[in-house]
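So you can see what is in the structure, the chains are spelled out below.
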Amino acid sequence: MRLAMLDIGSAAARLDIVDLASPRMPRATWSVKSRTRLAEHTLPDGRVTEEGIADAERAVRHCVSAASDKPTEALIAYGTSAVRDASNGARLRKRLGEAAGVRIGVLTPRDEAAVAYHAARRWHGRSGQAMTTVDIGGGTVDVATGTGTDPDLVVSLQHGAARLTRQFLPDDPPTPAQLADLRRELHATIPKALSRVEGGHPLALSKVLRQLAVLTESSPDEVARRPHRLRLKQLSRWIPRLAELDHEQRAQLPGVSRSRGRRILAGAIVAEVIMESLELPELEICPWGLRQGLVYRFLEARTRTRADALDLVGTLFD
């Protein structure tokens, strides 16, 4: 059995064909990606511009068309915070749904964090051991912690890297005053919000954190293409340099994609504040997240109900 998974995010739409036959972890056997540019076209009031909607539509149509000759049981299409939190999100989802040919599902920030945590637990194993996940997305920052397959506590903050860039770092590169305002906001909110998060093996789930790990673990002679960790000491050393560069210059650095060149600085600063607040010298990089968590949720629902694949898709989202 194969599923098509369409993830519509602030930077890109990605469609994976996932083979459900693997006994341990369903594998993506084919994938295609296209830029949505939603973060670039989201205004300070949260509205996605008409140009942004059109770009995202084109990205979705490209992905679905490219996969049209790949037989699958069902298409699971979902939007992350860039779609969910847009002030004109209902219209955006309608247009994207028409482009995809299916309803675009979304999860609440807490449910999204819980699904990603579940995938990380499967990857990490060791059930019963305390674990904490950190996920810095475009719109939100999610920290989840627990000892079981689902988190005991989820903290979700409106401090995603794209959102913070729009709100606090409008200049490129930002001014010292803008950086000071951003740090003031983060230090006023994050330590208090995370005060109930207890220790546990720390995992980093997001692309921003993975790209920061590549950047900070690389040397002038070698790019660390698959780093195992993001270390606070190296991250803190890089932040002043990132602040001096514009987004085009950042995109030339090891690991930093063009689509995240603008937001990587805000992502680095919020990661630093989170790690300092939780007293974490490093985060282990976890390659699994929301996409894998939704696959597991689908498989678990199928095991419980034996329902048709298309019917099961409707149970994944509110």
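Residues numbered from 1 in each chain as written. Predicted model: local features only at pLDDT ≥ 70, side-chain atom pairs only at ≥ 80, totals over all residues. Heavy atoms only, no water.

(A) Geometry of helix 5 (residues 161-168). Helix 5 sits mainly inside the fold: 6 of its 8 residues count as buried. Turning to helix 5, its buried residues number three or more, namely Ala161, Ala162, Arg163, Leu164, Thr165 and Phe168. (Buried < 20%, exposed > 50% of the residue type's maximum accessible area, 1.4 Å probe, protein only. Helix = DSSP H or I, 4+ residues; strand = E, 2+ residues; numbered from the N terminus.)

(B) Structural view of the sheet that holds strand 2 (residues 12-19). Taken in spatial order, the 4 strands make up an open sheet running 3-2-1-4, and their pairing is mixed. The open sheet terminates on both sides in strands that have one partner only, identified here as strand 3 (27-35) and strand 4 (74-79). Looking at each pair of strands side by side, their axes are set apart by 15° on average, direction ignored. For strand 1 (residues 2-8) and strand 4, the ladder comprises 6 bridges, and the chain directions are parallel. Following the sheet pairing, Leu3 is matched in strand 4 by Ala74. Of the strands in this sheet, strand 1, strand 2 and strand 3 are in contact with helix 1 (residues 50-66), which crosses strand 3 at around 150°. Packing against the sheet, helix 11 (residues 290-305) makes contact with strand 1, strand 2 and strand 4, and its axis sits at approximately 140° to strand 1. (Pairing = 2+ DSSP bridges. Axes fitted to C-alpha atoms, helices over the stretch in contact; angles between N-to-C directions. Contact = heavy atoms within 4.5 Å.)

(C) Layout of the packing of aromatic side chains. This structure, assessed with the given rule, holds 2 aromatic pairs. Ring centres 6.3 Å apart and planes at 25° place the aromatic pair Tyr78 and Phe317 in the stacked group. Placement of the pair is Tyr78 in strand 4 and Phe317 in the segment after helix 12 (309-313), with a sequence separation of 239 residues. Ring geometry for Trp288 against Tyr296: centres 6.2 Å apart, planes inclined by 50°, an arrangement best described as tilted. (Phe/Tyr/Trp six-rings, centres within 6.5 Å; stacked < 30°, edge-to-face > 60°.)

(D) Fine view of the nonpolar core. Grouped together as the largest cluster of nonpolar side chains are 47 residues, with contacts concentrated most on Leu230 and Leu242. Membership of the second largest hydrophobic core comes to 26 residues, among which are Ala13, Leu15, Leu38 and Ala82. (Core = buried A, V, L, I, M, F, W, Y, C linked by side-chain atoms within 4.5 Å.)

(E) Looking closely at the packing of helix 8 (residues 232-244) against helix 10 (residues 264-277). Interaxial distance between helix 8 and helix 10 falls to 10 Å at its minimum, and their mutual angle equals 145°. When you trace helix 8 past helix 10, the crossing you get is left-handed. Facing Leu232, Leu235, Ser236, Ile239, Leu242 and Ala243 of helix 8, the residues of helix 10 in contact are Ile264, Leu265, Ala268, Ile269, Ala271, Glu272, Met275 and Glu276. For the contact of helix 8 with helix 10, the class distribution of residues is 11 nonpolar, 1 polar and 2 charged. (Left-handed = near helix turned anticlockwise from the far one by under 90°. Nonpolar A, V, L, I, M, F, W, Y, C, P; charged D, E, K, R; others polar.)

(F) Structural view of the environment of Asn88. With respect to the helices, strands and loops of the structure, Asn88 is situated in the loop between helix 2 (81-84) and helix 3 (89-100). Look at Asn88 and you get buried, because its relative accessible area is 16%. Through-space distance from the C-alpha of Asn88 to that of Gly101 is 20 Å; in sequence the pair is 13 residues apart. Every residue in contact with Asn88, bar those within four places of it in the chain, is listed here: Gly46, Arg47, Val48 and Ile53.

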